[in-house]
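Commentary on secondary and tertiary structure
Spelled out from the first residue to the last, the chains are:
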Amino acid sequence: MREVVLIDGVRTAVGRKGGYFAHYRADDLLADVLAELIARTSIPKQEVEDVIAGCVTQINEQGGNVARTAALIAGFPVAVPGVTIDRQCGSSQQAIHFAVQAIAAGDMDVVIAGGVESMTRSPMSANMGDVVPSERLTKQYEIVNQGISAEKIATKWEFTREQLDSYSFQSHQKAVRAIASGVFKSEIVPIEVTDKEGNKQTITVDEGPRKNTSLEALSMLKPVFQENGMITAGNASQMSDGASAVLLMSREKANALGLKPKARIIARTVVGSDPTFMLTGPIEATKRVLASAGLTIDDMDRYEVNEAFASVPLAWLADTKANPEKLNVNGGAIALGHPLGATGTKLMTSLLYELERSNGRYGLLAICEGMGMANATIIERLP
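A few points on the structure. None of the values given here were measured: they were computed from a predicted structure.

1. Quick look at the overall build of the protein chain
Check the secondary structure of the protein chain and you find twelve helices and twelve strands. At 19 Å, the protein chain has a C-alpha radius of gyration in line with the 21 Å of a compact globule built from 383 residues. Judged by the C-alpha coordinates and their principal axes, the protein chain covers about 60 × 55 × 50 Å. Taking all 383 residues of the protein chain together, the buried fraction comes to 58%. If you sum the accessible surface of the protein chain, you get close to 15400 Å²; carbon and sulfur atoms cover 49% of it.

2. As for helix H2 (residues 66–73)
Buried within H2 are the following residues: Val 66, Ala 67, Ala 70 and Ala 71. Looking down the long axis of H2, one finds its buried residues gathered within 135 degrees of arc, a one-sided arrangement. Packed against the buried residues of H2 are helix H1 (26–41), strand S3 (50–54), strand S4 (82–85) and strand S5 (110–118). Of the residues flanking the end of H2, it is Gly 75, one or two places downstream, whose phi is positive at about 85 degrees.

3. Quick notes on the packing of H1 against H2
Put simply, H1 and H2 touch, their axes get as near as 8 Å, and they point 60 degrees apart. With respect to H2, the element H1 is oriented oblique. Note that H1 runs across H2; the crossing there is right-handed. Each of Asp 27, Asp 28, Leu 30, Ala 31 and Leu 34 in H1 lies in contact with H2, whose residues at this interface are Val 66, Ala 67, Thr 69, Ala 70, Ala 71 and Ile 73. For the contact of H1 with H2, the per-class residue count stands at eight nonpolar, one polar and two charged.

4. A closer look at the layout of surface pockets
Put simply, the largest pocket is a space of about 1100 Å³. Lining of the largest pocket is provided by 42 residues; of these, Gln 88, Met 124, Ser 125, Asn 145 and Gln 146 occupy positions nearest its centre. Across the lining of the largest pocket, the residue classes tally to 24 nonpolar, 16 polar and two charged. If you trace the second largest pocket, you find it lined by Gln 163, Ser 166, Tyr 167, Gln 170, Lys 174, Arg 177, Leu 314, Leu 317, Pro 324, Glu 325, Leu 327 and Val 329. Secondary structure elements with two or more residues in the lining of the second largest pocket: helix H6 (161–180) and helix H10 (311–320). Top element by residues in the lining of the second largest pocket is H6. It accounts for six residues. Its residues placed into classes, the lining of the second largest pocket shows six nonpolar, three polar and three charged.

5. Points about the side chain of Ser 350
Tracing the chain through its elements places Ser 350 in helix H12 (residues 343–358). Apart from the residues within four sequence positions on either side, Ser 350 is in contact with Arg 11, Phe 184 and Glu 187.

6. Here's the deal with the nonpolar core
Leu 34, Val 48, Phe 76 and Ile 112 are the most contacted members of the largest nonpolar core, which totals 47 residues. Per-element tally for this core: the top contributor is H1, with eight residues. Excluding residues within four positions of it along the chain, Ile 112 makes contact with Leu 34, Leu 37, Ile 38, Val 48, Asp 50, Val 51, Ile 52, Phe 76, Ala 245, Val 246 and Leu 247. Counting 42 residues, the second-largest nonpolar core is a separate cluster that includes Leu 295, Ile 297, Trp 316 and Ala 374.

7. Concerning the pattern of salt bridges
Applying the stated criterion to the full structure yields 18 salt bridges. For the salt bridge of Glu 61 with Arg 121, the shortest nitrogen-to-oxygen distance reads 2.7 Å. A residue pair is termed long-range when its members are at least 10 positions apart, and Glu 61 in the loop between S3 and H2 and Arg 121 in the loop between S5 and helix H4 (135–138) qualify at 60 residues. By sharing partners, the salt bridges in this structure join Glu 3, Arg 251, Arg 264, Arg 361 and Glu 380 into a single network.

The rules behind each value
- Residues numbered from 1 in each chain as written.
- Predicted model: local features only at pLDDT ≥ 70, side-chain atom pairs only at ≥ 80, totals over all residues.
- Heavy atoms only, no water.
- Helix = DSSP H or I, 4+ residues; strand = E, 2+ residues; numbered from the N terminus.
- Rg over C-alpha atoms; globule rule 2.2 N^0.38 Å.
- Buried < 20%, exposed > 50% of the residue type's maximum accessible area, 1.4 Å probe, protein only.
- Areas by Shrake-Rupley, 256 points an atom, 1.4 Å probe, with all protein chains shown as cover.
- Arc of directions from axis to C-beta.
- Contact = heavy atoms within 4.5 Å.
- Axes fitted to C-alpha atoms, helices over the stretch in contact; angles between N-to-C directions.
- Parallel < 35°, antiparallel > 145°, perpendicular 65-115°, else oblique.
- Left-handed = near helix turned anticlockwise from the far one by under 90°.
- Nonpolar A, V, L, I, M, F, W, Y, C, P; charged D, E, K, R; others polar.
- 1 Å grid on protein atoms, 1.4 Å probe; cavity = no way out; pocket = protein on both sides within 12 Å on 5 of 7 lines; lining within 4 Å.
- Points joined across faces, edges and corners; volume = space filled by probe spheres on them.
- Core = buried A, V, L, I, M, F, W, Y, C linked by side-chain atoms within 4.5 Å.
- Salt bridge = Lys/Arg side-chain N within 4 Å of Asp/Glu carboxyl O.

And the structure:
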């Protein structure tokens, strides 16, 4: 099997639902990151053999295979295909895995993996309409809202509301510090938007982090999913708009093109987990991917574990015995937002840049997914 390397990654800033990108089409947003990735790496667009993009709510501007339409908008030759996939919140992480498989097997040399989600213009579950789960499914499993799953996890691991809110507060604090120190500047492509009044603005900073939030403010929020529950809008990920992409290729192709990779893919996995406790998948995925790589959790220099809800990374920490100082060091989705289909390659991009910044070697990315699944990936930074 051939070695697969990561050349670079790029993302938009993440906008709040109804915020920065409320009047910006999702296909245009994805096209912008595709074009920026090509511009940064200076490879001919015809060298790209496929564009694989994650998107969860495939409707409206996100329907009709948004990977293909975005590639055409970005000026890729018509010979460059595209495919859109949905593995829920891990969709663009799965796009990375599919790209790696194609390259490692020798089917392709150069693939872009990315993702997009406008939760403003294509609200979550809008593609489902009034569909309810099959009775044949509900006879086997208790199918619940993800928020209820987060509540069940908090109860099972005996977390308190104070622990969930404290974790969330720290996510905002870390994100605010990261933005103030310019941590994300290199990975974000500026996007010029026009609001409904016709005013133009160039977006370069994530919209979600709140400088003025406090533990007191978070503690006053009411539970959203369950009476007397613990999950609130403050300890859950933010609904968001954004796009991201990474460029992958074989080591041989990188050498032929004169490109210096940032990292290589060490191991990858995807698992299924209990669809009722659907957000626990990153625990098993982490164990499997570490075993595949022949590494331990202590070997990892940074972990990105998606903050779907505060109970998810807290349960992951408790079970894996990972070092909390290495987890989501620049904040997570509670502060920075979770543009569903874009999150995987967004977090991979941030992980790439953070390993460079911290001079780390190994990085782990794990994301929980709807209906009980999770992807995990380990990368090694290349000097």
